Amino acid sequence: MDISLGREVCGDLAVAEPREWLVTNGIGGYAAGTVPGLLTRCYHGVLVAALKPPLQRTLMLAKLDDTVLYGDRFYPLHTNRWADGSVGPHGYRYIERFSLEDTIPTWRYACADALLEKRLWMQSGENTTYIHYSLRRAISPLILTLKALVNYRDYHSRTHAQDWQMEITPIEHGISVSAFPDAVLLRVLSDRAEATLAHDWYYGFDLAAERERGLDDREDHLHAATFQVTLHPGETVTFVASSEPKASLDGEAALKVRRAHEHKLLGLWRSSRPVELKASGFVNRLVLAADQFLVDRPSADEGHGKTIIAGYPWFSDWGRDTMISLPGLTLCTGRPEIARSILRTYSRYISQGMLPNRFPDAGETPEYNTVDATLWYFEALRSYYSVTEDEDLVQELFPAMAEVIDWHCRGTRYNIHLDPADGLLYAGEAGVQLTWMDAKVDDWVVTPRIGKPVEVNALWYNALRTMAKLARQIHKPHQEYEAIADRALARFSRFWNPSVGYCYDVLDGPNGDDDALRPNQIFAVSLPESPLTPVQQQGVVAACARSLLTSHGLRSLDPAHPQYTGHYSGTPLQRDGAYHQGTVWGWLIGPFVQAHLRVYNQPTKAREFLEPMVNHLQAAGMGSLSEIFEGDAPMMPKGCIAQAWTVAEVLRAWLATGD
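Analysis parameters
Residues numbered from 1 in each chain as written. Predicted model: local features only at pLDDT ≥ 70, side-chain atom pairs only at ≥ 80, totals over all residues. Heavy atoms only, no water. Buried < 20%, exposed > 50% of the residue type's maximum accessible area, 1.4 Å probe, protein only. Helix = DSSP H or I, 4+ residues; strand = E, 2+ residues; numbered from the N terminus. Pairing = 2+ DSSP bridges. Expected span 1.5 Å × (residues − 1). Contact = heavy atoms within 4.5 Å. Core = buried A, V, L, I, M, F, W, Y, C linked by side-chain atoms within 4.5 Å. Salt bridge = Lys/Arg side-chain N within 4 Å of Asp/Glu carboxyl O.

Chemist: Now, about the pairing of strand β10 (residues 104–111): what can you tell me, with residues and values included?
Modeler: Of all eight residues making up β10, seven are buried, and the element is well covered by its neighbours. Bridge count for strand β9 (residues 95–101) against β10 is six bridges, and the pairing is antiparallel. Across the sheet, the residue bridging to I95 is Y109, located in β10. Hairpin connection between β9 and β10: a loop of two residues separates the two successive antiparallel strands, and D102 in this loop has a positive phi of roughly 60 degrees. Bridge count between β10 and strand β11 (residues 114–122): six bridges; the pairing is antiparallel. Bridge pairing in β11 links C111 to A114. Connecting β10 to the antiparallel partner β11 that follows it, the hairpin turn spans two residues, and A112 within it adopts a positive phi of roughly 55 degrees.

Chemist: Help me get a handle on helix α13 (residues 534–547), residues and values and all.
Modeler: Its 14 residues place the ends of α13 20 Å apart at the C-alpha level, agreeing with the 20 Å of an ideal helix rising 1.5 Å per residue. Within α13 the residues assigned to the buried category are Q536, Q537, G539, V540, V541, A543, C544 and S547. Those residues of α13 hidden inside the fold are in contact with β28 (496–497), β29 (502–503), α12 (523–526), β32 (549–550), β33 (553–555) and α15 (589–600).

Chemist: Please provide a residue-by-residue account of the nonpolar core, values included.
Modeler: Within the largest apolar cluster, 211 residues are counted, with the highest numbers of intra-cluster contacts made by L144, F239 and L343. If you tally residues by element for this core, the top one is helix α10 (residues 454–473), at 12 residues. Not counting residues within four places of it along the chain, the set of residues in contact with F239 comprises L64, T129, Y130, I131, Y133, L144, L146, L189, S190, A193 and F227.

Chemist: Describe the sheet that holds strand β27 (residues 452–453), with residues and values.
Modeler: Spatial strand order, β27-β30-β31: three strands in an open sheet with antiparallel pairing. Strands with a single pairing partner mark the edges of an open sheet, and in this sheet they are β27 and β31 (512–514). The pairing of β27 with strand β30 (residues 506–509) spans two bridges and is classified as antiparallel. Residue pairing in the sheet places K452 in a bridge with L507 of β30.

Chemist: Explain the pattern of salt bridges to me, and be specific about the residues and the numbers.
Modeler: Overall, the coordinates contain 43 salt bridges when judged by the stated rule. The closest approach of N and O atoms between R494 and D422, which form a salt bridge, is 2.6 Å. Within this pair, whereas R494 is found in the loop between α11 (479–491) and β28, its partner D422 is found in the loop between β23 (417–418) and β24 (425–426), the two being separated by 72 residues in sequence. Residue R494 is classed as partly exposed on the basis of its relative accessible area, which comes to 25%. Here D422 falls in the buried class, since its relative accessible area comes to 3%. E649 is the salt-bridge partner of R652, the closest N and O atoms lying 2.9 Å from each other. Here the residue R652 and the residue E649 both occupy positions in helix α18 (residues 644–656), the gap between them amounting to three residues, near one helical turn. Taking relative accessible area as the criterion, R652 reaches 26% and is therefore assigned partly exposed. Overlapping salt bridges bring together E101, R108, E117, R119, R136 and R259 as one network.

Okay, structure coming up:
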C-alpha cells in the first residue's frame, strides 16, 4: 500500500507535526523525526547510534538544516521551533510530497520550478545514516547548503550546553567531531560537498512532545560545520553521518543494498505462505515494520544472538515483549532462524526459573521482575516448533524449561509459587510490579495485581500442556506435566464469576478477589490451550467486546469502573496512573481477534476488527503501529510511535483470518 502525503498535510504544521518517520540499522541504532523536519522529542535525530549494540544509544547528529539558493532566492527547507514558541524558518511549506518508499522516508521540495528530492536510510549492521539528495528538475543549477547540528548524549537526556567545547577536525570528505576525550568519534561526510568548520551552539530548541509528557522541553545543539554543493539538473549528492571509521560514501550503492534488503524481506514472507496472497499491501508494510524491531544481541555464548526492541523511540529489549512479539515478527514473516536465535539467546539468561524482564540501557545486569515473560517463552517455543518441527532446539532447551517448571512449583523470586491448595500460580509482593500491567511511579505500583492473575494462570496452564506435548515429541517423561496441568484446569473454574458472566482479574489478592473487567482474561480464550468451557469463552469475548473493544485495541479497564482514566497525558505520574487504567493497548487487538475467531469461527468478521489499523499506518509512526491509544474518543495514539507487539499481533491475527 502507498504511504504518501501531499501539501494538504505537509504544508499544515499542526497536521504534519504529529506524523513521524523511523529508520533503523538492525543493531539498536535508529534515526527518527517528524514529516516537517521539526524536532519535537529528545529522541529525534539523524543518527542515534547504538554504541554497545543493541543499547548505549547515543544522539550524535541531531539535524541537517538544509537551505537552497535557486536563482536569486533562498529557500530554507528546514523547520525549527524555539523556546519562545516561534517557528522559523518554515521549510515545511516547500514540501510538495512526503512518502515512504518501503521504509525509506522521501521528501520532494518544490522551489519555484526546481524539484529537489531527499531520501534518508541507515546501513544495516552499522551506526551509519545516509542522506541523499537528487535534483530532479530545474532550469539552472542550485546551491544546497547544510548545517550539521551535532550532540553527544544518552538518548533519554537533554543537552543544556553552557560552555561545552567539542573538538571539530577537518578530514577528507568532511569533519570528525569529538565530544570529549573518550567519546566515540562522529564523522559527517559528503561525496561532493565542501565543509566549513563552525562551533556555534544553537540554544533553545522547543520539544513540544516532551512538554506534553511533562518532561524537560528544551534542548541545545552544536552547529559543527556547514556543507555546500552546487547541483545541476539530474545530479545527486550524498551525506553520511557515522560512528564507523570507514563508512562508504557511495550513496547509490548503499541505496541499492538497502532496497535489496527490503526486497529480500518481502520475498521471505511470500515464500513462507502456502497459498496465493491477498491484501498483501498492508501485510507488506507490516513485514517491513517487523524487521525494524529485530536486532543483534551478541554474547560470549551466542555471537550472532538476536533480540527484539520493544518499541521506538525509547524502549530497549524486554523479555515479555520479545516473547509475545516473536511469533508475529519472525515466524509470520518467514524468518524462523531469527526466532531460533532469540530463543537460544534468552535461554542463556534464565535465572531461578525466570526470564529477564528487561536489559537496562546501561549496565549488564538484567532485571527479573516479571511473572509472565517466562511463561510467554513456552508459547514462543511452541509456535516455533509448530512451524519448524525443530526437535534439536527442543532437545537443547528442554532441560532449562524443566527447571523453570520446577522453580515455579517450589517457589522463586517475588513470592512466585504454585499454591498447593488449588494448583494455581501465585505471584507478587508489596512494591513490585510483575505482570504486563507494570506501571510504577517511585514507590507507587499502580496495578499491583498481587495474588493469582487470570492471564498468568492461563499462561501457566498453556505452558504445562506445551511442556507435555514437547516431552512426548522428544521421548521425555510427560506425565508429571499433564498431572499439574489437570489440577490447574480443575481449579481454573474459580476465576469464573457467574454473577457477571466473565472472569475475575485476580484471585486471592490482599483484598480478596478482584472483579474489575480487564482484558487479561482474553488470553484464557486466545491461547492454544484454553482452560475455559466454550460457554465461558463466549462470555469472555462478549464482555470484552461490549466494554473494552475500540478500533485500535482493548481498553485496559472498563469505562464503568471508578478508577477508569480515558485520557493519557501530563506528568509521568499522571500518565503512568492512566497507563493500565483505561488506556487502549494496540497489541491486545490480536488476542481479541484470535479469541473471536475461536468462539465464532467467522474469519471475515474477525478480520474486520483489524481494518482500522490499515489507516493507522499513515498516522503517528508512519509505516508502523503505535503502542497505545487514549480510551476516550477520538482515541488519539500515544506512547511509542512503533511498538513491536502491536505490529506482531496485528500481523499474526491478520494472517490467522486468511491471506
